[in-house]
Amino acid sequence: TDDGIMPPKPDPYCLNVFCEKYGIAKNEVIMVGDTLNDVNFARQGNVKIIGVAKSKNNRDILSKNADLVMNDISQIFDYLD
């Protein structure tokens, strides 16, 4: 969320801080989101993005830019293998 201090998404500032703080390489990170803003955040932060879209319209929007789109977050473990 926007706390008025850190730049809000899609600026990758908080992603960069997270990776640095926890010593995680960006190729080890997968962003999961349900909006185009989430996709843009992942792209600007140079990490993979999985979209979650329940409606066909949202699926069409996210699938143009996400690495993968699933119908429900409960499917995540099927995709992470």
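Residues numbered from 1 in each chain as written. Predicted model: local features only at pLDDT ≥ 70, side-chain atom pairs only at ≥ 80, totals over all residues. Heavy atoms only, no water.

A. Main features of the nonpolar core. Among the nonpolar cores identified, the biggest contains 13 residues, and L15, M31, V47 and I49 are the most heavily contacted of them. Only α1 (13–22) and α2 (36–45) provide two or more residues apiece to this core. Top element by residues in this core is α2. It accounts for three residues. Not counting residues within four places of it along the chain, the set of residues in contact with I49 comprises M31, V32, G33, D38, V39, A42, R43, N65, A66, D67 and L68. (Core = buried A, V, L, I, M, F, W, Y, C linked by side-chain atoms within 4.5 Å. Buried < 20%, exposed > 50% of the residue type's maximum accessible area, 1.4 Å probe, protein only. Helix = DSSP H or I, 4+ residues; strand = E, 2+ residues; numbered from the N terminus. Contact = heavy atoms within 4.5 Å.)

B. Structural context of the packing of aromatic side chains. For the structure on display, the rule yields one aromatic pair. For the ring pair F18 and Y22, a centre distance of 5.3 Å and an interplane angle of 50 degrees mean the geometry is tilted. Pair noted here: F18 and Y22 are both in helix α1, with a separation of four residues, about one helical turn. Its relative accessible area of 38% is what places F18 among the partly exposed residues. Over the aromatic face of F41 sits the side chain of K9, whose NZ or CZ is 6.0 Å from the ring centroid. (Phe/Tyr/Trp six-rings, centres within 6.5 Å; stacked < 30°, edge-to-face > 60°. Lys NZ or Arg CZ within 6 Å of the ring centre and 35° of its normal.)

C. Representation of the environment of K54. Tracing the backbone through its elements, the reader meets K54 in the loop between β2 (48–52) and α3 (56–63). Distance from K54 to D72, taken between C-alpha atoms, is 6.7 Å for residues 18 residues apart in sequence.

D. Just the sheet that holds strand β3 (residues 68–70), in detail. Strand order across the open sheet formed by three strands is β1-β2-β3, with parallel pairing between neighbours. The open sheet is flanked by β1 (30–33) and β3, the only strands paired with a single partner. Strand-to-strand twist across the sheet, computed as the mean angle between neighbouring axes with direction ignored, equals 25 degrees. Along the sheet, α2 makes contact with β1 and β2, crossing β2 at roughly 170 degrees. Packing of α3 onto the sheet brings it into contact with β1, β2 and β3, and relative to β3 it is tilted by some 165 degrees. (Pairing = 2+ DSSP bridges. Axes fitted to C-alpha atoms, helices over the stretch in contact; angles between N-to-C directions.)

E. Local environment of the side chain of D38. Mapped onto the elements, D38 comes out in helix α2. Residue classification places D38 among the buried positions, given a relative accessible area of 6%. Once you skip the residues sitting within four places of it in the chain, D38 turns out to touch K9, M31, G33 and I49.

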